[in-house]
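Chain by chain, the residues:
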Amino acid sequence: MIAGFSIVSLLLILLAGIGAGFVGYAVGASSLVSYPALLAFGIPPVLANASNTVGVVGTGIGGVMGARRELKGQSLRVITYVTIGAIGGIAGAYLLLELDPSVFEFAAPALILFSSLIIAVNPRGRMQAKQAAADAAEQLRDMSAESGAKAGEAAGTGVPGKSGKSGAAVASADKANTIAAKSVATAPAHPHPVVQPSDQPVQPMNQDSWWVWLGVVAVAIYSGYFGAGAGTCALAVLDAAKIGPFHKINALKTLIGTGANISASVVFIIKGAVDWPAAIMLCLGCFIGGYIAPPITRRIPANIMRAAAVIAGIVLTVDLALKTY
């Protein structure tokens, strides 16, 4: 036994962490797996939630480190979002610890149902598809413009000065246009740097609407309090505000959750609200799950993973609701 846990129990928590890391990468709701797993081992709801926050904090740090390219040139927004996340995380953590434990127990089923519905709506997938379509359209316009210019040059050089050769000129122009049309599908990369939509800068912060900041603050507090589906909510807020391309706002939403999880974890640690054996094994599992997820998820249709997560969330909601209400 280690701090009240058998070796088998700790290995099962590690396995749950692997599943949480995998689900977190695939659909963005790792707590949908890790939180009920801790409950299953008899850890009280508030203690399980706090330990879960500490256990999954490594996932966010790794995500921020991997998104340095997308965050380049956004120093002010990065600092602002991390600060808001940290303050909101502290507020959420204190709400969790200071309110009567029954408040969270009654709220947990609704929060899990909320995160399940967010996954079902899938704003992240919709935004990825929209960004991919914009990138493809921009590339097609560039290729069409280039091929059109080549066609114009070819037609212009074939126009003779004598009317007797006008038929040959027309034939030459037609041939040039045919070649140009084919080049749309086979043209090499543009010889000059082209700014794709995904490379467009994020708009200045002074152009953000007031409700964007209200949404960011709300997500930060929710992340410190519970957090399941918080990243997807943040992504939806930033996309609705149209502050930048998908890949960059996806990196920005990670900052909010990471700042909130780190500050909330500090509060939980100071308050002694962490079950360390469970949190450590969960953290290791989340790292492993997040590491092995990319090559596996490439072979599994996204709709299947999303449907499985939603069904699991609904089943868990019903189970907790029947036990709580």
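The coordinates are above.
Here is a short report on the structure shown in this document. (Residues numbered from 1 in each chain as written. Predicted model: local features only at pLDDT ≥ 70, side-chain atom pairs only at ≥ 80, totals over all residues. Heavy atoms only, no water.)

This brings us to the overall build of the protein. Secondary structure summary: the protein contains 14 helices and zero strands in total. Element order for the protein, N to C, with α for helix and β for strand: α-α-α-α-α-α-α-α-α-α-α-α-α-α. For the protein, with 325 residues in total, the buried portion stands at 46%. For the protein, restricting intrachain contacts to residue pairs at least 6 apart in sequence, the fraction spanning at least 24 positions comes to 84%. (Helix = DSSP H or I, 4+ residues; strand = E, 2+ residues; numbered from the N terminus. Buried < 20%, exposed > 50% of the residue type's maximum accessible area, 1.4 Å probe, protein only. Contact = heavy atoms within 4.5 Å.)

Turning our eyes to something else, we now look at helix 2 (residues 31–40). Summarising burial for helix 2: seven of the 10 residues are buried, a large majority. Taken together, the buried positions of helix 2 are S31, L32, S34, Y35, P36, A37 and L38. Note on helix 2: the residue one or two positions beyond its end, G42, has a positive phi of about 85°.

This paragraph deals with the nonpolar core. Residues Y35, F104, F226, L238, I243, L252 and F268 are the most contacted members of the largest nonpolar core, which totals 62 residues. Sort the elements by how many residues they give to this core and helix 12 (residues 246–270) lands first, with nine residues. For F104, the residues in contact, after removing those within four places along its chain, are Y35, P45, V46, N49, L96, L111, Y225 and F226. (Core = buried A, V, L, I, M, F, W, Y, C linked by side-chain atoms within 4.5 Å.)

Taken together, the side chains of I61, M65, I262, V266 and I270 make up a nonpolar region of the molecular surface, amounting to roughly 470 Å² of accessible area. Elements with a contribution of two residues or more to the nonpolar patch: helix 4 (57–66) and helix 12. Of the residues forming the nonpolar patch, the biggest block, three residues, is contributed by helix 12. Looking at where M65 falls in the secondary structure, it is placed in helix 4. (Patch = residues over 30% accessible without salt bridge, like charges linked within 9 Å, V, L, I, M, F, W, Y side chains within 5 Å. Areas by Shrake-Rupley, 256 points an atom, 1.4 Å probe, with all protein chains shown as cover. Salt bridge = Lys/Arg side-chain N within 4 Å of Asp/Glu carboxyl O.)

Let us look at the packing of helix 2 against helix 3 (residues 45–55). For the pair helix 2 and helix 3, interaxial distance at closest approach is 9 Å and the crossing angle is 135°. Between helix 2 and helix 3, the interaxial angle falls into the category oblique. Every pair of crossing elements has a handedness; the one defined by helix 2 and helix 3 is right-handed. Contacts between helix 2 and helix 3 involve S31, S34, Y35, L38 and L39 from the former and P45, A48, N49, S51 and N52 from the latter. (Axes fitted to C-alpha atoms, helices over the stretch in contact; angles between N-to-C directions. Parallel < 35°, antiparallel > 145°, perpendicular 65-115°, else oblique. Left-handed = near helix turned anticlockwise from the far one by under 90°.)

Below, the discussion takes up the packing of aromatic side chains. All chains considered together, the criterion is met by six aromatic pairs. On the numbers, 5.9 Å between centres and 80° between planes, the contact of Y81 with W213 is edge-to-face. Linking Y81 in helix 6 (residues 75–98) with W213 in helix 10 (residues 210–225), this pair joins segments that are 132 residues apart in sequence. Overall, the relative accessible area of 0% leaves Y81 in the buried class. Given a relative accessible area of 22%, W213 falls into the partly exposed group. Following the ring pairs from residue to residue traces out a cluster consisting of Y35, F104, Y225 and F226. (Phe/Tyr/Trp six-rings, centres within 6.5 Å; stacked < 30°, edge-to-face > 60°.)

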